[in-house]
Amino acid sequence: MKQKKHDPNSRLIAENRRARFDYFIEDDLECGIMLLGSEVKSLRNGGANIADSYASVEDGELWLINGYIAPYAQAKTWGHEERRKRKLLVSKKELAKLWAATAKQGMTLVPLRLYFNEKGRVKLQIGIAKGKKLADKRETSAKRDWDRQKRRLLKEQG
């Protein structure tokens, strides 16, 4: 039996942990993202934040809005804008599904993870989500606390 080695190319760049607290994630989808060279170099250094960003379908295309990629110091003159709109790459079938979810069902497209895949390409995982009410957030928090207490008690008892 051959053991699978960890691929050095695949690694997490940024994660939106708050999304699972603020939204019910119904479904998720992996999509490519169009970037400039200085943006990819900056991502290799780990300078990104997707916590306050969202995805939107505009004019038949999918866009990441308000995603932050830190400036790359060596690309002085030909650098990139930090919070520009970035085009997301999905198939027409997936785009139609996303448009239907946002326009007809009132769902939100929330970025969950930004990462390098096994081939070293930058990918973005977006979730089709529905916003939580305050009571739902409290319930999620209480459940998480109870699970933590339960694990602690089981650990103490052996």
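Check the entry above for the structure.
The text that follows walks through the structure, step by step, so that each part is easy to find. (Residues numbered from 1 in each chain as written. Predicted model: local features only at pLDDT ≥ 70, side-chain atom pairs only at ≥ 80, totals over all residues. Heavy atoms only, no water.)

Here we take up the overall build of the protein chain. Scanning the protein chain for helices and strands turns up 4 helices and 9 strands. Helices and strands in the protein chain line up, N terminus first, as β-α-β-α-β-β-β-β-β-α-β-β-α. Counting every position in the protein chain, which comprises 158 residues, the buried fraction comes to 34%. Considering only contacts within the protein chain whose residues lie at least 6 apart along the sequence, 69% involve residues at least 24 apart. Carbon together with sulfur atoms contributes 50% to the accessible area of the protein chain, which is approximately 11,000 Å² in total. (Helix = DSSP H or I, 4+ residues; strand = E, 2+ residues; numbered from the N terminus. Buried < 20%, exposed > 50% of the residue type's maximum accessible area, 1.4 Å probe, protein only. Contact = heavy atoms within 4.5 Å. Areas by Shrake-Rupley, 256 points an atom, 1.4 Å probe, with all protein chains shown as cover.)

Turning our attention to unusual backbone geometry. Positive phi outside glycine occurs at Asp 59, with the angle close to 55 degrees. Position of Asp 59 among the secondary structure elements: in the loop between strand S4 (54-58) and strand S5 (61-65). Note on Asp 59: relative accessible area 81%, which makes it exposed.

Attention shifts here to helix H3 (residues 92-103). Across its 12 residues, H3 extends 16 Å between first and last C-alpha, which sits within 8% of the 16 Å expected from 1.5 Å per residue. Along H3, the residues that are buried comprise Leu 95, Leu 98 and Ala 101. Buried residues in H3, looked at end-on, bunch into an arc of 125 degrees, giving them a common side. Looking at H3, the residues exposed on the side facing more than 90 degrees away from the buried face are Lys 92 and Lys 93. Residues of H3 that are buried in the fold lie against strand S2 (23-33), S4, S5, strand S8 (108-116) and strand S9 (122-131). (Expected span 1.5 Å × (residues − 1). Arc of directions from axis to C-beta.)

This part takes up the packing of aromatic side chains. What characterises a pair of aromatic rings is the spacing of the ring centres plus the angle enclosed by the ring planes. Evaluation of the coordinates by the stated rule reveals 0 aromatic pairs. A cation sits over an aromatic face here: Arg 44 above Phe 116, 4.2 Å from the ring centre. Directly above the ring of Tyr 115 sits Arg 113, whose terminal nitrogen or CZ lies 4.4 Å from the centroid. (Phe/Tyr/Trp six-rings, centres within 6.5 Å; stacked < 30°, edge-to-face > 60°. Lys NZ or Arg CZ within 6 Å of the ring centre and 35° of its normal.)

Quick look at the pairing of S2 now. A regular strand carries its side chains on alternate faces of the sheet. In this structure, S2 lies alongside S9, joined through 9 bridges in antiparallel fashion. By the bridge assignment, Gly 32 is partnered in S9 with Lys 123. Bridge count for S2 against strand S7 (residues 86-89) is 2 bridges, and the pairing is antiparallel. The partner of Ile 33 across the bridge, within S7, is Leu 88. (Pairing = 2+ DSSP bridges.)

What follows is about the nonpolar core. Counting residues in hydrophobic clusters, the biggest one holds 23 residues, and the most contacted among them are Leu 62, Leu 88, Leu 114 and Leu 124. Ranked by residues supplied to this core, first place goes to S9 with 4 residues. The residues touching Leu 124, leaving out its near neighbours within four places in the chain, are Leu 29, Glu 30, Cys 31, Ile 50, Leu 64, Leu 88, Pro 111, Arg 113 and Leu 114. (Core = buried A, V, L, I, M, F, W, Y, C linked by side-chain atoms within 4.5 Å.)

This part covers the pattern of salt bridges. Counted under the stated rule, the structure contains 10 salt bridges. The partner of Lys 143 in a salt bridge is Asp 147, and the shortest N-O contact between them spans 3.3 Å. One end of the pair is Lys 143 and the other is Asp 147, both in helix H4 (residues 134-157) and 4 residues apart, which spans about a single turn. The class of Lys 143 is exposed, set by a relative accessible area of 53%. (Salt bridge = Lys/Arg side-chain N within 4 Å of Asp/Glu carboxyl O.)

Moving on to the side chain of Asp 22. Examined against the element boundaries, Asp 22 turns out to sit in helix H1 (residues 18-22). In contact with Asp 22, not counting residues within four places along its chain, are Gly 131, Lys 132 and Lys 137.

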